[in-house]
2 protein chains.
Amino acid sequence: MVTAKAWVLKKHFDGLPKTSDFELKTIELPNLKDGELLLESVFLSVDPYMRPYSRRDMKEGDIMIGTQVARIVESKNPAFTVGAFVVGSKGWRTHFISDGKDIQLLPSNWPESLPKSLALGTVGMPGLTAYFGLLEVCKMKPGETVLVNAAAGAVGSVVGQLAKIGGCKVVGCAGSDDKVAYLKKIGFDEAFNYKTVKSLDEALRKASPDGYDCFFDNVGGEFASIAINQMKKYGRIAVCGAISQYNDSVPQKGPYVQFPMIFKELRMEGFIVSRWSDRRKEGLQALLKWVVEGKVKYHEQITEGFENMPVAFIGMLKGENLGKAIVKV
Amino acid sequence: MVTAKAWVLKKHFDGLPKTSDFELKTIELPNLKDGELLLESVFLSVDPYMRPYSRRDMKEGDIMIGTQVARIVESKNPAFTVGAFVVGSKGWRTHFISDGKDIQLLPSNWPESLPKSLALGTVGMPGLTAYFGLLEVCKMKPGETVLVNAAAGAVGSVVGQLAKIGGCKVVGCAGSDDKVAYLKKIGFDEAFNYKTVKSLDEALRKASPDGYDCFFDNVGGEFASIAINQMKKYGRIAVCGAISQYNDSVPQKGPYVQFPMIFKELRMEGFIVSRWSDRRKEGLQALLKWVVEGKVKYHEQITEGFENMPVAFIGMLKGENLGKAIVKV
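Residues numbered from 1 in each chain as written. Chains lettered and ligands numbered in written order. Predicted model: local features only at pLDDT ≥ 70, side-chain atom pairs only at ≥ 80, totals over all residues. Heavy atoms only, no water.

Undergrad: Explanation requested: the overall build of chain A in the structure shown.
TA: On a plain count of helices and strands, chain A comes out with nine helices and 16 strands. Here the C-alpha radius of gyration of chain A, 20 Å, is about what a compact globule of 329 residues would show, namely 20 Å. Projecting the C-alpha coordinates of chain A onto the three principal axes gives extents of approximately 65 × 45 × 35 Å. Within chain A, buried positions represent 58% of all 329 residues. Element-wise, carbon and sulfur atoms account for 51% of the exposed surface of chain A, whose accessible area totals about 13900 Å². (Helix = DSSP H or I, 4+ residues; strand = E, 2+ residues; numbered from the N terminus. Rg over C-alpha atoms; globule rule 2.2 N^0.38 Å. Buried < 20%, exposed > 50% of the residue type's maximum accessible area, 1.4 Å probe, protein only. Areas by Shrake-Rupley, 256 points an atom, 1.4 Å probe, with all protein chains shown as cover.)

Undergrad: Explain the relation of the copies chain B and chain A to me, please; I cannot follow it from the model alone.
TA: The operation linking the two copies of the chain is a rotation about an axis combined with a translation along the axis. If you rotate chain B by 180° and push it 0.0 Å along the axis, it lands on chain A with an RMSD of 0.0 Å. In the structure described here, the two chain copies are related by an operation that fits a two-fold rotation axis. (Least-squares fit on C-alpha atoms with pLDDT ≥ 70 in both.)

Undergrad: Sorry, what's going on with the pattern of salt bridges here?
TA: Side-chain pairing between opposite charges can occur once the charged atoms of the two side chains come close. Within this structure, the stated rule accounts for 40 salt bridges over all chains. Close ionic contact of Glu293 of chain B with Lys295 of chain B constitutes a salt bridge, the shortest N to O distance being 3.2 Å. Judged by relative accessible area, which is 48%, Lys295 of chain B ranks as partly exposed. Linking Lys318 of chain B and Glu320 of chain B is a salt bridge whose minimum nitrogen-to-oxygen distance equals 3.8 Å. On the accessibility criterion, Glu320 of chain B (52% relative accessible area) is exposed. A single salt-bridge network, built from bridges that share partners, covers Lys233 and Glu265 of chain A together with Arg267, Glu269 and Arg275 of chain B. (Salt bridge = Lys/Arg side-chain N within 4 Å of Asp/Glu carboxyl O.)

Undergrad: Quick question: what am I supposed to make of the packing of aromatic side chains here?
TA: The description of an aromatic ring pair uses the distance of the two centres, along with the angle that the planes make with each other. Counted by the stated rule, this structure contains 32 aromatic pairs over all chains. Between the aromatic rings of Phe215 of chain A and Phe223 of chain A, the centroid separation amounts to 6.0 Å while the plane-to-plane angle is 35°, which identifies the pairing as tilted. In this structure Phe215 of chain A comes out as buried when scored by relative accessible area, which is 0%. In this structure Phe223 of chain A comes out as buried when scored by relative accessible area, which is 7%. When the centroid spacing of 5.5 Å and the interplanar angle of 10° are considered together, the rings of Phe22 of chain B and Trp92 of chain B count as stacked. Pair noted here: Phe22 of chain B is in strand E2 (residues 22–29) and Trp92 of chain B is in the loop between strand E5 (85–88) and strand E6 (95–98), with a separation of 70 residues, a long-range link. Considered together, Phe22 of chain B and Trp92 of chain B belong to a single accessibility category, that of buried residues. Taken together, Tyr131, Phe132, Phe216, Phe271, Trp276 and Trp290 of chain A form an aromatic cluster joined through their ring pairs. (Phe/Tyr/Trp six-rings, centres within 6.5 Å; stacked < 30°, edge-to-face > 60°.)

Undergrad: What is the right way to read helix H2 (residues 125–138) of chain A from this model?
TA: Residues and elements named next belong to chain A. Its axis deflected by about 30° at Phe132, H2 carries its strongest bend there. Among the 14 residues in H2, eleven count as buried, and that is most of the element. Those residues of H2 not exposed but buried are Pro126, Gly127, Leu128, Thr129, Ala130, Tyr131, Phe132, Gly133, Leu134, Val137 and Cys138. One or two steps after H2, the chain reaches Lys139, where phi turns positive at roughly 45°. (Bend = angle between axes of the 7 residues up to and from the residue.)

Undergrad: I would appreciate a short explanation of the nonpolar core in the present structure.
TA: Generally speaking, soluble globular proteins have nonpolar side chains that are buried together. Counting 58 residues, the largest nonpolar core has Leu204 and Met268 of chain A together with Leu204 and Met268 of chain B as its most contacted members. With residues near it in sequence (within four places) discarded, Met268 of chain A still touches Ile228, Ile237, Val239, Val257 and Met261 of chain A together with Val257, Met261, Leu266, Arg267 and Met268 of chain B. (Core = buried A, V, L, I, M, F, W, Y, C linked by side-chain atoms within 4.5 Å. Contact = heavy atoms within 4.5 Å.)

Undergrad: Just to check I follow, could you spell out the sheet that holds strand E14 (residues 267–270) of chain A for this structure?
TA: Picture the strands of a sheet paired through backbone hydrogen bonds; they go either parallel or antiparallel. Read across the open sheet, the twelve strands follow the order E10(A)-E9(A)-E8(A)-E11(A)-E12(A)-E14(A)-E14(B)-E12(B)-E11(B)-E8(B)-E9(B)-E10(B); overall the sheet is mixed. Taken across any chain shown, the strands that pair with only one partner, and hence form the sheet edges, are strand E10 (190–193) of chain A together with strand E10 (190–193) of chain B. With strand direction ignored, the average angle separating the axes of adjacent strands in the sheet is 15°. Here strand E12 (residues 231–239) of chain A pairs with E14 of chain A via four bridges, running parallel. In the strand pairing of E14 of chain A, Val239 of chain A is matched with Gly270 of chain A. Where helix H3 (residues 156–165) of chain B meets the sheet, it contacts strand E8 (145–148), strand E9 (169–174) and strand E11 (212–217) of chain B, and its direction lies at approximately 175° from that of E8 of chain B. On the sheet, helix H4 (residues 177–185) of chain B packs against E9 and E10 of chain B and is oriented at approximately 175° with respect to E10 of chain B. (Pairing = 2+ DSSP bridges. Axes fitted to C-alpha atoms, helices over the stretch in contact; angles between N-to-C directions.)

Undergrad: It is not clear to me how the side chain of Lys324 of chain A should be interpreted in this structure. Could you clarify?
TA: Residue and element names in this part refer to chain A. In this structure, Lys324 sits in strand E16 (residues 324–328). Here Lys324 falls in the buried class, since its relative accessible area comes to 4%. At 2.8 Å, the side chain of Lys324 and the side chain of Ser45 are in polar contact. Each residue touching Lys324, except ones within four places of it in the same chain, is listed here: Ser45, Val46, Asp47, Leu120, Gly121, Pro126, Ala154, His299, Glu300 and Gln301. (Polar contact = N/O pair within 3.5 Å; in protein donor to acceptor, adjacent residues only side chain to side chain.)

Undergrad: Got a minute to help me understand the domain arrangement of chain A in this structure?
TA: A common way to state how big an interface is: give the accessible area lost once the parts meet. Residue and element names in this part refer to chain A. Per the domain assignment, the segments of chain A are domain 1 (2–121 + 299–328) and domain 2 (125–274). At the interface, 20 residues of domain 1 touch 13 residues of domain 2. On the surface where domain 1 and domain 2 come into contact, there are zero salt bridges. If you look at where domain 1 meets domain 2, you find nine residue pairs in polar contact (both at pLDDT 80 or more). Counting residues per element, the side of domain 1 that touches domain 2 draws most heavily on helix H1 (residues 50–57), at three residues. A per-class count over the side of domain 1 that touches domain 2 returns ten nonpolar, six polar and four charged. (Domains from an automatic or database assignment. Nonpolar A, V, L, I, M, F, W, Y, C, P; charged D, E, K, R; others polar.)

Structure follows, in structure tokens:
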């Protein structure tokens with residue numbers, strides 16, 4: 001018999017989550033039935049979407065939602081070998097049982113040299129979000145100018161690099177000088193610290209005086225309201241996230257969007273990456289290839305210890321991570 | 001020599017336009033050169049877009065922008081016969097000279113029985129706006145539910161009827177009980193007076209408890225902010241106009257749009273009908289056919305006298321018109 005640890009939402013978040021909003025529980029797992037597997041989480045992901053989804057999809061007492069890379073430690077299912085690694089979305093837990101239908105083996109051509117944690121980042125959901133958001137929502141074309149915010153984050157850093165691969169000029173914004181230096185290192189044409197510029201409007205204008213064809217928005221709020229006025233005619237805005245709004249206890253207001261939408265004939269589209277789950281393999285293989293070739297670089301912010309999941313999550317919401325925020329069990 | 005009268009923007013509008021913001025001028029037209037035509041406006045259009053465009057594209061002293069149906073009264077161009085009717089966008093003037101390149105003859109199959117003023121409404125720019133907005137922006141499909149506001153206006157009334165032809169359920173809102181009665185008469189499935197309902201949110205919910213696939217937005221502002229929360233997953237919002245915002249001296253604010261955009265994966269697109277100018281003939285012929293067959297009904301609010309253009313324009317902005325607001329010279 002195995003005892004799993006799990007983090008539970010003790011109290012719905014009000015504003016920025018606090019460690020006291022979480023509770024660590026233990027769960028006794030039953031013995032495996034035929035066809036089942038026992039898995040042990042090795043890396044867990046903390047992602048911005050967990051904040052708004054906690055309010056929408058969870059009740060107090062539920063195990064926190066989330067994705068992990070897990071190792072098969074016992075198998076009564078001939079399709080799965082002990083020692084293999086999978087990606088699952090089983091929430092914040094150290095161990096779990098699966099019938100094999102709700103987990104996915106890492107791609108068989110995953111190189112030994114590559115950290116398996118990348119399956120939660122650049123070669124996982126955040127990478128796929130960048131891939132499909134740029135290709136299918138922004139519909140970027142070579143020669144265009146792409147703006148991305150939260151650009152040093154798990155999604156944003158991939159967005160910028162894929163846009164470069166796609167022949168675009170890329171402008172990125174982030175919240176520290178270290179992050180900005182990182183963006184320049186990985187190939188962004190322009191990057192600035194939105195927290196220290198005098199005027200975001202001026203900084204965006206300086207970075208691309210002709211405006212933006214594509215805007216991959218991870219931030220929403222005031223940033224989005226300013227950026228929308230710098231879109232070019234027929235510009236496309238991919239609304240991926242709104243991290244600036246996630247911790248608002250009272251919904252904030254901003255300028256109505258209709259005027260720029262009409263006069264510049266803009267298209268704005270919200271999306272969730274699961275829309276393209278039937279093309280998951282295509283996306284992962286493209287990302288894996290670029291990572292192996294060194295065309296897409298990655299950085300991970302690894303927090304050690306399952307007990308630190310709430311701290312890692314809160315830190316990520318505060319923008320403390322460079323690249324993908326990961327917890328190593 | 002002909003003396004034309006023209007309405008000039010004397011003073012940029014502040015809030016709702018006032019008659020004192022306009023000035024009537026006279027212009028002496030020169031004699032025609034070879035290749036030129038003299039035209040006399042017969043019907044002039046007053047449209048919502050003129051309000052925001054006056055601020056963007058005009059300076060004080062400019063002739064008001066706008067479109068007319070005009071009769072050729074003199075021709076030194078063999079391609080144009082005296083007595084023929086054309087559509088021109090020559091602003092608020094009684095007479096003008098053209099080289100034939102900036103005007104378009106009415107379709108040659110225009111029935112004698114049909115008012116030529118329809119070339120400014122249902123079989124003109126507003127009709128095309130409804131046609132391309134529904135087909136190309138909303139991408140409506142049979143069986144879907146379409147919401148349109150300002151539904152008794154020049155564009156909205158055509159939107160509703162085209163959506164019915166396209167096999168959709170149609171919900172329309174307007175600002176008087178007479179307009180609502182008209183909407184029901186021309187085939188809207190549900191219609192209500194947004195000014196007298198207790199709660200717009202509830203009224204929209206009652207009209208379509210499952211929500212809306214398409215939202216053809218002529219109004220913007222608070223209406224749009226409420227409607228966006230009642231879109232179905234993958235809903236499409238065609239942002240055509242924002243008449244509720246046109247007279248704001250200070251831009252108003254509303255809830256940020258990112259949350260519903262993301263969680264319902266909505267697409268919102270602003271558009272101007274001139275985008276499809278290469279398909280103008282296709283659109284006009286489709287509209288003409290439906291009008292002749294009686295499948296699309298029309299109503300015109302005709303103000304007599306060129307001297308009343310400002311009054312007609314202001315009345316239209318206040319929502320006093322049922323159907324297309326037209327001035328007959």
